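One letter stands for each residue in the lines below.
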Amino acid sequence: MAPDIASVVTTRLTDPGAIRRAALARPRFERAGFARPLFILAADHAARGAIAAGGDPTAMGDRHELLARCVEALARPGVDGFLGTPDIVEDLILLGALDGKLVLGSMNRGGIPGASFELDDRFGSYDARGIAEGGLDGGKILLRVDPADAGTAETLIGTANAVNELAERELLALIEPFMSVRENGKVRNILTPDAQMKVNNISAALGRTSAYTWLKVPVVDEMERMMASTTMPTLLLGGEGGGDVDAMYASWQHALEIPHVRGLIIGRTMLFPHDGDVAGAVDTAVSLVRGATR
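A quick note: this is a predicted structure, and the numbers were derived from the prediction, not measured.

### Some details on the side chain of Asp44
Mapped onto the elements, Asp44 comes out in the loop between strand E1 (38-42) and helix H3 (63-74). Among the residues examined, Asp44 registers a relative accessible area of 2% and is labelled buried. When near neighbours in sequence (up to four residues on either side) are disregarded, Asp44 contacts Leu83, Gly84, Thr85, Ser106, Arg109 and Lys140.

Written out as C-alpha cells, the structure is:
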C-alpha cells in the first residue's frame, strides 16, 4: 500500500500491479453489517465533470484535496462503505482507506452535464467484470428517465444489462433513478413524490431478476407514500449541499424511520460541508443512521 497521497503517483508509475494486489488483499465488508442501517460515502461526481459542491463550482476538481477529505471521512467511526469510480477507488485502496468497507463501483458516468447526449448515460466506467475482479461488493447505476429524450432508451437497456451481469455474480445493483426533463438545454430532475414513485417502479423491473437490486433515492415530500412504491432496500442520497443544513438533517432523520430505508449514501455535503468540518459532518450523519429505530 502507498503510505500517503503523494506516493500514490509513484506507485502507479513504478508498480501498477500493486493496485490489483492491494484490491485482492483488502479485508472485505462483513455481510452481518447489512442487518444495521448503513452510512456510505460517495465520491463519483467528478467523473461526469460535476465538480461543484457547497456553492464552489470547482470544489471537487482538486484530486489531492478530494482524496484527503475522503480518507478523513472514511476513518470516522460508523462509516460503512464507499462509492466511487475506478480511479478514486484504486487510490483509496492503495492508501488502505477502504479496508473492511462495503465498496460500490460507479458504472455509467457518460452523461456529461450540459451535453446533447447527457441523458444517454453510457456505461463507460466500472462494468460487472471489473467490480468482481476488483473485489468490490456491487455497482451503482444512474438512471434518468425523460420520455422526451431518445437517449433514455439506451440507458434503460444498459441498466437492465448491468443488473443482469451483477446478479449473475451475486453482486449488489444500486440503481439511482429520477424522472427528468430538459429545460433550456439543462437537465432537471423532478423531485416530487409522484415522479419518484413512477421511476421507482420502472427501475425495480429492470433485468431478469431483482434479487440483488437496491435503490438510491432523493428525499422528497411525502416520503412514506413515495417509499410505498417499492420493496427494494433503499438508501437516501444527499445532493450538492448548501441551504438549510438543519432542515436537511431533519429530513434525513425522518426518512430513516421508514423500515426499508436502509441508510444514507452521501457525498458532497459530507466532503465539503458549509463549515469545512468534514469529521463533524460525517459524525452527525452517522448519528442519524445509528439512531434510526428498527
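Having seen the structure, we can now continue with the description.
### Here we look at helix H2 (residues 17-25)
For H2, the complete set of buried residues consists of Ala18, Ile19, Ala22 and Ala23. For H2, the angular spread of buried residues about the axis comes to 135°, placing them on one side. In this structure, H2 carries Leu24 and Ala25 as exposed residues pointing more than 90 degrees from its buried face. On the buried face of H2, the contacting elements are helix H1 (5-14) and helix H4 (86-94).

### Notes on the nonpolar core
Nonpolar side chains in soluble globular proteins generally cluster together in the buried interior. Grouped together as the largest cluster of nonpolar side chains are 76 residues, with contacts concentrated most on Phe39, Cys70, Phe82, Leu92, Trp252, Leu264 and Met270. Top contributing element to this core by residue count: helix H11 (residues 278-291), with 7 residues. With residues up to four places along the chain from it excluded, the contact list for Cys70 reads Leu41, Ala43, Phe82, Ile88, Leu92 and Leu271. Counting residues in hydrophobic clusters, the runner-up holds 12 residues, among them Ile40, Leu104, Leu174 and Ile265.

### Some words on the packing of helix H9 (residues 245-255) against H11
Between H9 and H11, the shortest axis-to-axis distance is 9 Å and the interhelical angle comes to 30°. On the basis of the axis angle, H9 is roughly parallel to H11. Considering only the axes of H9 and H11, their crossing is right-handed. When H9 is examined against H11, the residues Tyr249, Trp252 and Gln253 are found in contact with a partner set consisting of Ala281, Thr284, Ala285 and Leu288.

Scoring rules and cut-offs
- Residues numbered from 1 in each chain as written.
- Predicted model: local features only at pLDDT ≥ 70, side-chain atom pairs only at ≥ 80, totals over all residues.
- Heavy atoms only, no water.
- Helix = DSSP H or I, 4+ residues; strand = E, 2+ residues; numbered from the N terminus.
- Buried < 20%, exposed > 50% of the residue type's maximum accessible area, 1.4 Å probe, protein only.
- Contact = heavy atoms within 4.5 Å.
- Arc of directions from axis to C-beta.
- Core = buried A, V, L, I, M, F, W, Y, C linked by side-chain atoms within 4.5 Å.
- Axes fitted to C-alpha atoms, helices over the stretch in contact; angles between N-to-C directions.
- Parallel < 35°, antiparallel > 145°, perpendicular 65-115°, else oblique.
- Left-handed = near helix turned anticlockwise from the far one by under 90°.

Note that every value here comes from positions in space, so none of it alone points to a role or purpose.
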